[in-house]
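Observations on the three-dimensional arrangement
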Amino acid sequence: MKPHRLTLTNHLVINYDLHRKLNMYQPRRATEQEILDFHAADYIDFLKRVTPDNAQSFTKLFQRFNVGDDCPIFDGMYDFCATYAGATIEASRKLINEDTDIAVNWSGGLHHAKKSEASGFCYVNDIVLGILNLLRYFPRILYIDIDIHHGDGVQEAFYTTDRVMTVSFHKYNGEFFPGTGDMKEIGSGLGKYFSVNVPLRDGIDDDSYIWLFKQVMQQVIDTFQPSAIVLQCGADSLGCDRLGVFNLSIEAHGECVRFIKSFRIPLLVLGGGGYTVRNVARCWTYETSILVDTELSNDLPPNAYIEFFAPDYQLHPHLSGKLENQNDKRYLQQVKQAVFEQLRYLQGAPSIQMQEIPPDILGYLEEGDEERRHGQEDSQAGRDSKDMGGRVEKEGEWYDAEDDQDREREQDGFGDVNIAD
Ligand SMILES: [Zn+2]
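How each quantity is defined
Residues numbered from 1 in each chain as written. Predicted model: local features only at pLDDT ≥ 70, side-chain atom pairs only at ≥ 80, totals over all residues. Axes fitted to C-alpha atoms, helices over the stretch in contact; angles between N-to-C directions. Helix = DSSP H or I, 4+ residues; strand = E, 2+ residues; numbered from the N terminus. Parallel < 35°, antiparallel > 145°, perpendicular 65-115°, else oblique. Left-handed = near helix turned anticlockwise from the far one by under 90°. Contact = placed C-beta atoms within 7 Å. Nonpolar A, V, L, I, M, F, W, Y, C, P; charged D, E, K, R; others polar. Buried ≥ 20, exposed ≤ 12 C-beta atoms within 10 Å, placed from the backbone. pLDDT = per-residue confidence, 0-100. Expected span 1.5 Å × (residues − 1).

1. Here's the deal with the packing of helix 9 (residues 250–261) against helix 10 (residues 277–291)
Packing of helix 9 against helix 10 brings their axes to within 9 Å, and their N-to-C directions diverge by 30°. With respect to their mutual orientation, helix 9 and helix 10 come out roughly parallel. Here helix 9 and helix 10 pass one another in a crossing that is right-handed. Across the interface between the two elements, Ile 250, His 253, Gly 254, Val 257, Arg 258 and Lys 261 of helix 9 pack against Arg 282, Cys 283, Tyr 286, Glu 287, Ile 290 and Leu 291 of helix 10. Residue composition of the contact of helix 9 with helix 10, grouped by class: six nonpolar, two polar and four charged.

2. Remarks on the environment of Leu 243
Structurally, Leu 243 is set in the loop between strand 6 (228–232) and helix 9. The class for Leu 243 is partly exposed, based on 13 C-beta atoms found within 10 Å. Separated by 33 residues in the primary sequence, Leu 243 and Thr 276 have C-alpha atoms spaced 8.3 Å apart. Apart from residues no more than four positions distant in its own chain, Leu 243 is found in contact with Asp 236 and Tyr 275.

3. Quick word on the confidence of the model for the protein
Scored by pLDDT, the protein has a mean of 87; 82% of the residues are at 70 or more. Note on residues 353–357: pLDDT is under 50 here. Beyond four places in sequence and across chains, it has two contacts.

4. Thoughts on helix 5 (residues 77–96)
For helix 5, with 20 residues, the first-to-last C-alpha span of 29 Å sits near the 28 Å given by 1.5 Å per residue. Phi turns positive one or two residues past the end of helix 5, at Glu 98, with a value near 60°.

The structure is reproduced here in structure tokens:
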């Protein structure tokens, strides 16, 4: 499995020289034990064992685990999952260790996967695994999802807890995939009011989206006072997306990232959906530049894949105005009011105080140090670093146009960004 949009993103990031402003790491694979922190053992056992060649003998399980049409079986599927999940877990670990303020994994953000079920081309939910890890250290995590689809897998995983607030902006009419995301889904038990849904109609434009996003997120952050934020940046909310129905420009999508970054709260940034590949790469490159406070020329730099960006060869093509905006001012006000009403029930941040560091975190932090030492040794030793999440020391280790088709999966790693004060 070699997602082309990540190759394109890497080429743009590197040819814009953004890699000089961040630390890049080869992702380490998630261990089975780490994946089992959320997923059911029988489901993971199935993912590990099934291949296109032996799929026949597993057909009885296809329905149970929801694989088939939207979630096909392909060669190296488990490896693919362990790689993107490992990068998200490692990114969360770097935030916990205070190695960085912002960590990015564009290969992550697979928000539909459930405990025992694949969904919408998501098999393992790296976001849930990352948040579970963050909860070992941070008292309150805010999850924000700007993919055009509802972040159902993450919402479901944390539906009954007040330690994670989920906020999803998405197209909703009850039918659009995955069918959930009504405003009435607010959480339950201890988690009541901690799931926020912002349902939108077709064609939402830049001004409407940014206005609503900032109104809602300012209120959410003031109320919930998160200690860390996870931001899923699915790019299928852009205009002209092959599966999307919104009208957003890359600037507007990026403005959401800029706004969340401005709160200066430890931030984990993830990818997600996005089906017009060249625009996904443009969007995530632009958002990388925002995270490292760098302005980019609108003219794309020469790179091996430049022809994919014809005919304009620009970072910001015109994507807006293709669909009529069905979200009028009245509707937007109604949605805002309803979210504000819900937040009023929270009455200030929940009472979870920063507790004594739980006993398991102490061993965990030492373990992290140990791993980091190994990672450095391996990096010096060369190519073995990929399994350890080792830092990429030499530019050539990251980028080699000659054999990048073979190494693409290894390159789906995350950059780690330090905010410059
Ligand atoms: Zn999506």
